[in-house]
Amino acid sequence: VDLQRAVLSKRFLLTVVLMLAWLLVNGATNIYIYNFLYAFGIAYTFDQAMTAGVGLGMIILSIATVPFSTSYLTDRESGFGYHIIKRVGFGAYSFARVIAVGLSAFLAMVTAAGIFLVGLCLSGAPHTYPVDVYHLNGVYYELTVTGQTWLYYLIRFIISGLTAAVAAVFALFSSSLI
């Protein structure tokens, strides 16, 4: 029920739209100003957009808290939380809440990043980029150079989604202290 309330809501849709807008701003900076998309490829441009090439990295973590992180406070103020805790116990309620908040933030991030990646793929640019750029950016990019770009994107989605989930759960814990 908590997960359904988290994902099938206007807040979840707002979160996906805000994250996508954030990625588009970062992506536009890298695509139009620096021409990274065609010079280095989709994987590099995607990474630059996800890691905040314009220095706004923490904004996406703040956006991740939107869908469901204040739900504990809302449930407590409405009296719903008291009745649920009475019915299932505080431990089960808290565990379900943490899972719902973390999973909703994870799904919001993966959805926004997926839409952004599909948009990049529709541009027709190559996924990989020259090997000399790989040396500048570390071992993480070896996957794209060796032709395992799908694995690179999968790992990138998981890392970004987990980071968003941690930020949202932290916001939930903060709101429960209020």
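These numbers were taken from a predicted model, which means no experiment stands behind them. (Residues numbered from 1 in each chain as written. Predicted model: local features only at pLDDT ≥ 70, side-chain atom pairs only at ≥ 80, totals over all residues. Heavy atoms only, no water.)

A. Spotlight on the overall build of the protein. The secondary structure content of the protein amounts to 11 helices and zero strands. Secondary structure elements of the protein, listed N to C terminal, follow the sequence α-α-α-α-α-α-α-α-α-α-α. Taken across its 178 residues, the protein has 43% of its residues classed as buried. Long-range pairs, those at least 24 residues apart, make up 81% of the contacts in the protein with a sequence separation of at least 6. When the accessible surface of the protein is summed, it comes to about 9,300 Å², and 72% of that surface belongs to carbon and sulfur atoms. (Helix = DSSP H or I, 4+ residues; strand = E, 2+ residues; numbered from the N terminus. Buried < 20%, exposed > 50% of the residue type's maximum accessible area, 1.4 Å probe, protein only. Contact = heavy atoms within 4.5 Å. Areas by Shrake-Rupley, 256 points an atom, 1.4 Å probe, with all protein chains shown as cover.)

B. How the structure looks around the packing of helix 7 (residues 80-88) against helix 8 (residues 90-121). Viewed as axis vectors pointing N to C, helix 7 and helix 8 meet at an angle of 120 degrees, and their least axial separation amounts to 7 Å. The pairing of helix 7 with helix 8 is recorded here as oblique in orientation. Mapping the contact onto sequence places Gly-81, Ile-84, Ile-85 and Val-88 in helix 7 and Phe-90, Ala-92 and Tyr-93 in helix 8. When grouped by side-chain class, the residues that make up the contact of helix 7 with helix 8 number six nonpolar, one polar and no charged. (Axes fitted to C-alpha atoms, helices over the stretch in contact; angles between N-to-C directions. Parallel < 35°, antiparallel > 145°, perpendicular 65-115°, else oblique. Nonpolar A, V, L, I, M, F, W, Y, C, P; charged D, E, K, R; others polar.)

C. Layout of a nonpolar patch on the surface. On the surface, Phe-95, Ile-99, Leu-103 and Leu-107 cluster together into a nonpolar patch covering about 360 Å² of accessible area. Tracing the backbone shows Phe-95 in helix 8. The exposure class assigned to Phe-95 is exposed, which follows from its relative accessible area of 58%. (Patch = residues over 30% accessible without salt bridge, like charges linked within 9 Å, V, L, I, M, F, W, Y side chains within 5 Å. Salt bridge = Lys/Arg side-chain N within 4 Å of Asp/Glu carboxyl O.)

D. Broad picture of the nonpolar core. Counting 35 residues, the largest nonpolar core has Met-19, Leu-23, Phe-46, Phe-116 and Tyr-153 as its most contacted members. Of all the elements in the fold, those that place two or more residues in this core are helix 2 (10-33), helix 4 (42-50), helix 5 (57-63), helix 8 and helix 11 (149-176). Residue contributions to this core peak at nine residues, all from helix 8. Not counting the four nearest positions on each side in its chain, Phe-116 is found in contact with Leu-20, Leu-23, Leu-24, Gly-27, Phe-46 and Ala-49. (Core = buried A, V, L, I, M, F, W, Y, C linked by side-chain atoms within 4.5 Å.)

E. How the structure looks around the side chain of Ser-160. Of note, Ser-160 is situated in helix 11. The class of Ser-160 is buried, set by a relative accessible area of 8%. Among all residues touching Ser-160, those that are not within four sequence positions of it are Met-50 and Met-109.

F. Up close: the confidence of the model for the protein. In this model, the protein carries a mean pLDDT of 78, and residues with pLDDT of at least 70 account for 75%. Looking across the protein, the model is least confident in helix 9 (residues 131-137), with a mean pLDDT of 53, and most confident in helix 8, with 88. (pLDDT = per-residue confidence, 0-100.)

G. Layout of the packing of aromatic side chains. In total, this model carries four aromatic pairs according to the counting rule given. Each ring, one from Phe-46 and one from Phe-157, has its centre 5.8 Å from the other, and the planes form 90 degrees; the classification is edge-to-face. Here Phe-46 is found in helix 4, whereas its partner Phe-157 is found in helix 11, with 111 residues between them in sequence. We classify Phe-46 as buried; its relative accessible area is 0%. An aromatic cluster of three or more residues is present, and its members are Phe-46, Phe-116, Tyr-152, Tyr-153 and Phe-157. (Phe/Tyr/Trp six-rings, centres within 6.5 Å; stacked < 30°, edge-to-face > 60°.)

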